[in-house]
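Structural overview
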Amino acid sequence: MSADAELLTTRVTVDALNNEKYDNVSRIAGKEIGGGAIGYQLDLNTDLWPVSVGDSLTMCIATSLNLDGSKDDGKGWRDSNKAEATLADDYDYVCHGKIYRFEEGKGDDINVYISFGGLLMYLHGPFEKLKAFRMDSVYLLLKK
């Protein structure tokens, strides 16, 4: 995978889970494992992919699913008739969305907001770790 297409790959914990507002969606929250400074909140379809507090997840955010990092051809990854492998093959939960806002955080931190068809994600962490993010379409990939 091209380093240009992979914006962030890290291990995170699920520290909180709130499923009171919607039937099939839970808001999960946690932080990077190993003393990393990235935190997150994510609306997740837990009916499709259940998680529990205490789970460790691998989280990847990428601009392309092509293993060579080349831009997608405009077709969805499910619509492709190709038998070629994609980054999605290595993950259990994949969704496509759009980065729609940045904010300055405390000190050198920034906040990044992403919408995956109404399921929202909020990332916060050091500018150095999140500086590759741009107003762009992205894929969120998760696995346990």
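For the structure itself, consult the block above.
Only a predicted model underlies this, so the values are computations on that prediction, with no experimental measurement involved. (Residues numbered from 1 in each chain as written. Predicted model: local features only at pLDDT ≥ 70, side-chain atom pairs only at ≥ 80, totals over all residues. Heavy atoms only, no water.)

**A look at the sheet that holds strand E3 (residues 25-31)**
Hydrogen bonds along the backbone pair up the strands of a sheet, which may run parallel or antiparallel. Applied cut-off: Think of it this way: DSSP has to see at least two bridges between two strands before they count as a pair. Strands here mean DSSP runs of E at least two residues long; helices mean DSSP runs of H or I at least four residues long; both are numbered from the N terminus. Between the N-to-C directions of two axes lies an angle of 0 to 180 degrees, each axis being a line fitted to C-alpha atoms and, for a helix, fitted only over the stretch in contact.
Overall, antiparallel pairing links the nine strands, which are arranged E1-E5-E9-E6-E7-E8-E4-E3-E2 in an open sheet. Two strands bound the open sheet, and with one partner strand each, they are strand E1 (6-13) and strand E2 (16-18). Each strand axis lies, on average, 25° off the axis of its neighbour in the sheet, ignoring direction. Where strand E5 (residues 56-62) and strand E9 (residues 137-143) come together, five bridges link them in antiparallel fashion.

**Topic: the packing of aromatic side chains**
Test applied: For Phe, Tyr and Trp, rings pair up if their centres lie within 6.5 Å, where Trp contributes its six-membered ring, and each pair is then called stacked (planes under 30 degrees apart), edge-to-face (over 60) or tilted (otherwise). Whether a charge sits over a ring comes down to the Lys NZ or Arg CZ being within 6 Å of the ring centre and within 35 degrees of the ring normal.
Taken as a whole and judged by the stated rule, the model has three aromatic pairs. Between tyrosine 113 and tyrosine 122 the ring centres are 5.3 Å apart and the planes differ by 40°, which places this aromatic pair in the tilted class. Among the aromatic residues, ring-to-ring pairing joins Tyr100, Tyr113 and Tyr122 into one connected group. Here the basic side chain of lysine 143 rests over the ring of tyrosine 91, its NZ or CZ set 5.0 Å away from the ring centre. Positioned above the aromatic ring of tryptophan 49, the side-chain terminus of lysine 144 is 5.4 Å from the ring centre.

**Focus: the environment of lysine 144**
Heads up, the condition is: For the purposes of these results, a polar contact is taken to be a pair of N or O atoms within 3.5 Å, where, inside protein, one atom must be able to donate a hydrogen and its partner to accept one; residues adjacent in sequence count only when each atom of the pair is a side-chain atom.
Take lysine 144: it is sitting in the segment after E9. Of the polar contacts made by the side chain of lysine 144, one reaches the backbone oxygen of proline 50; its length is 2.6 Å.

**Notes on the side chain of threonine 46**
Put simply, the rule is: Between two residues, a contact is recorded if the distance between any of their heavy atoms is within 4.5 Å.
As for its position among the elements, threonine 46 is in the loop between strand E4 (39-45) and E5. Only 3.0 Å separates the side chain of threonine 46 from the side chain of serine 26, close enough to count as a polar contact. The contact partners of threonine 46, leaving out residues within four places of it in the chain, are Asn24, Val25, Ser26 and Val51.

**Structural notes on the pattern of salt bridges**
Stated formally: Here, a salt bridge means any side-chain nitrogen of Lys or Arg that lies within 4 Å of a carboxyl oxygen of Asp or Glu.
Evaluated as defined, the whole model comprises seven salt bridges. With its nearest N and O atoms 3.1 Å apart, the salt bridge here joins glutamate 32 to lysine 129. Taken together, the residues glutamate 32 in the loop between E3 and E4 and lysine 129 in helix H1 (residues 127-130) connect sequence positions 97 residues apart. In this structure, the salt-bridge partner of glutamate 128 is lysine 131, at a minimum N-O distance of 3.0 Å.

**Regarding the nonpolar core**
We apply this condition: Nonpolar core, defined: a set of buried Ala, Val, Leu, Ile, Met, Phe, Trp, Tyr and Cys residues in which side-chain atoms within 4.5 Å join the residues together. The classification of residues rests on relative accessible area computed with a 1.4 Å probe and restricted to protein chains. Under 20% of the type maximum is buried, over 50% is exposed, and intermediate values are partly exposed.
Ranked by internal contacts, the top residues of the largest apolar core, which has 28 residues, are Ile61, Ile114, Met121, Leu123, Phe133 and Leu140. Mapped by element, the contributors of at least two residues to this core are E1, E4, E5, strand E6 (93-104), strand E7 (109-116), strand E8 (119-126) and E9. In terms of residues, this core owes the most to one element, E7, which gives four residues. Excluding residues that lie within four positions of it along the chain, leucine 123 makes contacts with Leu8, Ile38, Gly39, Tyr40, Met59, Ile61, Ile110, Asn111, Val112, Ile114 and Phe133. By size, the runner-up hydrophobic cluster in this structure holds nine residues, among which are Cys60, Ala88, Val94 and Leu141.

**Notes on the environment of leucine 141**
Along the chain, the position of leucine 141 falls in strand E9. Exposure remark for leucine 141: the relative accessible area of 0% places this residue in the buried category. Residues leucine 141 and alanine 88, 53 residues apart in the sequence, show an inter-C-alpha distance of 7.0 Å. Residues contacting leucine 141, with those up to four places away along its chain left out, are Thr58, Met59, Cys60, Ala62, Leu65, Leu87, Ala88, Tyr91, Tyr93 and Val94.

**Details of the state of the cysteines**
Test applied: Any two cysteine sulfur atoms within 2.5 Å of one another count as a disulfide.
One pass over the full model with this rule turns up zero disulfides. The thiol of cysteine 60 is unpaired, and the distance to the nearest cysteine sulfur, on cysteine 95, comes to 12 Å. Cysteine 60 sits in the buried class, given a relative accessible area of 0%.

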